[in-house]
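So the chains spell out like this:
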Amino acid sequence: NSLDISNKFIGDLTGIEDFVLLTNLYCNNNLLTSLNLSNNVFLSILECQNNSLQASLDLDLNITLSYLSCHNNYLTSLSLDNNSALTYLDCSNNNLVTLSIQNGNNPIITYFNSLNNSSLFCVDVDNPMYSSSNWINIDPQTNFNLDCATAFGCLDPLACNYDNIASYDDGSCIYPTTSNTNDTACDSYTWNGTVYTSTGTYTYTTTNAVGCDS
């Protein structure tokens, strides 16, 4: 139940869904832009590297998948949450923005590579500490987290958009500002809608350009 169509300059694999008992598919080094494997539920090995796969690769129904090599494509999203048998993953050299591997069985993954995905800042995993210690083939900006949706934010308590849930600072902190103005007037002075009739130091609080106090 193995199919090897590597290096054939193939641009379309329509009909692959008819091979319902397929376990091993080698379609690397072709011209594929998409891949529908929803009917190939017994798939164990998938090599589709060096193609032109776009957007996402849907493997939700391929729950027996243990080996995935999809590097050198243009994938932006990859979810392997349903693939608890996965032991090998190479998704390097893509355009990944999101990657999730919360499959409940991360320790059996013996090879992990997500290098050269410059927009991949966070990977959803079962145990961030375990992944950080064992999966070293990652870009400098990539982190592991239990929930990447809330992982990034402003971590400075002095900022007016401080996020006490975030784990990583995303450089978005914005701060209050203060400015001083000295004025001289006779009898009375109107400042920001208020009339002042005596000498003194007064404070007016408003909102600055970034939404903080000014």
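Below, the structure is looked at part by part. (Residues numbered from 1 in each chain as written. Predicted model: local features only at pLDDT ≥ 70, side-chain atom pairs only at ≥ 80, totals over all residues. Heavy atoms only, no water.)

## Digging into the overall build of the chain
Across its full length, the chain holds one helix and 15 strands. Computed over its C-alpha atoms, the radius of gyration of the chain comes to 27 Å, more than 25% above the 17 Å expected for a compact globule of 214 residues. Expressed along its principal axes, the backbone C-alpha trace of the chain runs to roughly 95 × 35 × 25 Å. Of the accessible surface of the chain, which amounts to about 11900 Å², a share of 50% is contributed by carbon and sulfur atoms. (Helix = DSSP H or I, 4+ residues; strand = E, 2+ residues; numbered from the N terminus. Rg over C-alpha atoms; globule rule 2.2 N^0.38 Å. Areas by Shrake-Rupley, 256 points an atom, 1.4 Å probe, with all protein chains shown as cover.)

## Side note on the sheet that holds strand β10 (residues 122-124)
Strand order across the open sheet formed by five strands is β4-β6-β8-β10-β11, with parallel pairing between neighbours. At either margin of the open sheet sits one strand with a lone partner, and together these are β4 (54-56) and β11 (143-145). Taken over all neighbouring pairs, the strand axes of this sheet differ in orientation by 25 degrees on average, direction set aside. Where strand β6 (residues 74-79) lies against strand β8 (residues 98-100), three bridges are found, and the strand directions are parallel. The partner of serine 79 across the bridge, within β8, is serine 100. (Pairing = 2+ DSSP bridges. Axes fitted to C-alpha atoms, helices over the stretch in contact; angles between N-to-C directions.)

## Some points on a nonpolar patch on the surface
A surface patch of nonpolar side chains, amounting to about 430 Å² of accessible area, comprises Val20, Leu21, Val41, Phe42 and Leu61. Residue classification places valine 20 among the partly exposed positions, given a relative accessible area of 40%. (Patch = residues over 30% accessible without salt bridge, like charges linked within 9 Å, V, L, I, M, F, W, Y side chains within 5 Å. Salt bridge = Lys/Arg side-chain N within 4 Å of Asp/Glu carboxyl O. Buried < 20%, exposed > 50% of the residue type's maximum accessible area, 1.4 Å probe, protein only.)

## Remarks on the sheet that holds strand β3 (residues 45-47)
Sheet architecture is open: six strands sit in the order β1-β2-β3-β5-β7-β9, paired in parallel fashion. Both outer strands of the open sheet, β1 (2-4) and β9 (111-113), are each paired with one neighbouring strand and no more. Across this sheet, the average inter-strand angle for adjacent strands is 5 degrees, counted without regard to direction. Taken together, the three bridges between β3 and strand β5 (residues 67-69) define a ladder with parallel strand orientation. Note that in β5 the partner of isoleucine 45 across the bridge is tyrosine 67.

## Re the pairing of β6
Here β4 pairs with β6 via three bridges, running parallel. Opposite glutamine 54, over in β6, you have tyrosine 74 as the bridge partner.

## Comments concerning the packing of aromatic side chains
Within this structure, the stated rule accounts for eleven aromatic pairs. Taking the centre distance of 6.1 Å and the plane angle of 65 degrees together, the rings of phenylalanine 112 and phenylalanine 144 count as edge-to-face. Of this pair, phenylalanine 112 sits in strand β9 while phenylalanine 144 sits in strand β11, and the two are 32 residues apart along the sequence. As far as burial versus exposure is concerned, phenylalanine 112 and phenylalanine 144 are alike and both buried. Plain terms: the ring middles of tyrosine 196 and tyrosine 202 are 4.2 Å apart, the flat faces sit at 45 degrees to each other, and that makes the pair tilted. Since its relative accessible area comes to 16%, tyrosine 196 is described here as buried. An aromatic cluster is present here, built from Phe112, Tyr130, Trp135 and Phe144 joined pairwise through their rings. (Phe/Tyr/Trp six-rings, centres within 6.5 Å; stacked < 30°, edge-to-face > 60°.)

## Structural notes on the nonpolar core
Here is a general trend for soluble globular proteins: nonpolar side chains tend to be buried in one another's company. In this structure, Leu35, Leu46, Leu57, Leu68 and Leu78 are the most contacted members of the largest nonpolar core, which totals 34 residues. When residues no more than four places from it in sequence are discounted, the contact partners of leucine 35 are Leu13, Cys27, Leu46, Cys48, Leu53 and Leu57. (Core = buried A, V, L, I, M, F, W, Y, C linked by side-chain atoms within 4.5 Å. Contact = heavy atoms within 4.5 Å.)

## Concerning the state of the cysteines
The tally for this structure, following the rule as stated, stands at three disulfides. Cysteine 122 shares a disulfide with cysteine 148; S-S distance 2.0 Å. Here the S-S torsion is close to -80 degrees, and the disulfide linking cysteine 122 with cysteine 148 is therefore left-handed. A residue pair is termed long-range when its members are at least 10 positions apart, and cysteine 122 in strand β10 and cysteine 148 in the loop between β11 and β12 (152-153) qualify at 26 residues. Both residues of the pair, cysteine 122 and cysteine 148, count as buried. What pairs with cysteine 160 in a disulfide is cysteine 212, and their sulfur atoms sit 1.6 Å apart. A residue pair is termed long-range when its members are at least 10 positions apart, and cysteine 160 in the loop between β12 and β13 (168-169) and cysteine 212 in the segment after β15 (194-196) qualify at 52 residues. A disulfide-free cysteine, cysteine 91 has its sulfur positioned 5.5 Å from the sulfur of cysteine 70, the nearest such atom. (Disulfide = S-S within 2.5 Å.)

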